[in-house]
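# Summary of structural features
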Amino acid sequence: MKIKNLIYILLACYLATFLRLIINNNFIISLFGSFLVGFFINQRLSYSIEKILLSGFFSCFTSFSGFIYFLYEILNKGDWLKFIIFFNLIIIVNLFAMYFGFYISRKIT
Amino acid sequence: MDFGSICIILFGSTFGLILRIFIQNNFKKKIGFDIQNISLVNFLSSFLLGILVAFNFMNNTKLILFYGGFLGSFSTFSSFIYQLFFLFQQKKFLRLFFHYIEVIIISFFFFYLGYFLIKFF
């Protein structure tokens, strides 16, 4: 990987990290991230732009550890039913957000 | 947010990003149904999260910043959803179902492994 590209990826990561900390809502962040990833994967992007957006920005913007911590908090209360409903719901909603982004991107191009 | 906090977040996210890219590029493994290198990153971040939770990180500002900076940039939810979306596009619904169940179970296994390692030792 070229140094110039790595610097751009790092800058995208910093922006994404601070945006995530400002928004401070994992569900909204993951929905927004999934929608935009779905939108951009259908676009014809150069390799470096794809790396900056997907590996730099969106990977740092969305957080799997935030998702696990959210589920842990539910599990810690002993609410198994809520845990099962939430983890399925979050994944299904995000999957459809990504599909929606992909669909809109396909309609535009 | 003060200058010190910004430095911890920037340092953590730099280290998290570089470590993720390193693992993504160098540990291309397929285990079980479809465990890919990005899942390995998420398992490792779950393990580290378990350690943080055992240290009761919500009461420690530096650990909160480590969680927001390093773990936030190291782990990736969008790539996990993208893996599922890829299977969805290929209409491999059964594989999609098993993949996400598998990732959640293994992530929680690693989370509690990290948690109990700190609690017991």
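Now for a description of the structure that goes with this document.

About the cut-offs
Residue numbers restart at each chain and count upward from 1, following the sequence in its written direction. Here every chain gets a letter starting at A, and every ligand a number starting at 1, in the order they are written. Residue-level local features of this predicted model are given only where pLDDT is at least 70; pairs of side-chain atoms are given and counted only at 80 or more, and the full residue set underlies all totals for whole chains, interfaces and linings. Hydrogens are left out, water is left out, and the side-chain values use all remaining heavy atoms of the structure. By the criteria applied, helices consist of DSSP H or I runs no shorter than four residues and strands consist of E runs no shorter than two, each listed in order from the N terminus. Only protein chains enter the accessibility calculation, which uses a 1.4 Å probe; a residue whose area is less than 20% of its type maximum is buried, one above 50% is exposed, and one in between is partly exposed. Any two residues whose heavy atoms approach within 4.5 Å at even a single point are treated as in contact. Surface accessibility in these figures is a Shrake-Rupley result with a 1.4 Å probe; residues are shielded only by whichever protein chains are displayed. Helix span, expected: 1.5 Å multiplied by one less than the number of residues in the helix. As a working definition, buried area equals the accessible area (1.4 Å probe) given up by two parts on being put together, with both sides summed. Any Lys or Arg side-chain nitrogen located within 4 Å of an Asp or Glu carboxyl oxygen qualifies as a salt bridge. Within 6.5 Å between ring centres, the rings of Phe, Tyr and Trp (the latter by its six-membered ring) count as paired, and their orientation is classed by plane angle as stacked under 30 degrees, edge-to-face over 60, tilted in between.

## Some remarks on the overall build of chain A
Scanning chain A from N- to C-terminus turns up five helices and zero strands. By its C-alpha atoms, chain A is 50 × 35 × 25 Å across when sized along the principal axes. Going through the 109 residues of chain A one by one, you find that 44% of them count as buried. The long-range fraction of contacts in chain A, counting pairs at least 24 apart against all pairs at least 6 apart in sequence, stands at 74%. Working note: accessible area of chain A is about 6000 Å², and carbon and sulfur atoms make up 68% of it.

## Considerations on helix α1 (residues 3–26) of chain B
A rise of 1.5 Å per residue sets the reference length of α1 of chain B, with its 24 residues, at 34 Å; its end C-alpha atoms lie 34 Å apart and thus fit the reference within 8%. Within the sequence span of α1 of chain B, burial applies to Ser5, Ile9, Gly12, Ser13, Thr14, Gly16, Leu17, Arg20, Ile21, Ile23 and Gln24 of chain B. Buried residues along α1 of chain B sit against α1 (3–23) and α3 (47–61) of chain A together with α2 (37–54) and α3 (61–74) of chain B.

## Let's talk about the interface of chain B and chain A
Listed per partner, the contact involves 45 residues of chain B and 39 residues of chain A. Taking both partners together, chain B and chain A bury about 3700 Å²; carbon and sulfur atoms supply 76% of that area. Three residues, Phe77, Phe85 and Phe108 of chain B, lead the burial of chain B against chain A; their summed loss comes to 18% of the area buried on that side. In this structure, the connection of chain B to chain A is made through zero salt bridges.

## Overview of the packing of aromatic side chains
Scanning all chains against the criterion turns up 42 aromatic pairs over all chains. Taking the centre distance of 4.8 Å and the plane angle of 50° together, the rings of Phe67 of chain A and Phe77 of chain B count as tilted. Placement of Phe67 of chain A in helix α4 (residues 64–76) and of Phe77 of chain B in helix α4 (residues 77–89) is noted, with the two residues assigned to different chains. Of the two residues, Phe67 of chain A and Phe77 of chain B, both sit in the buried class.

Remember, this is a structural readout, not a statement about activity or role.
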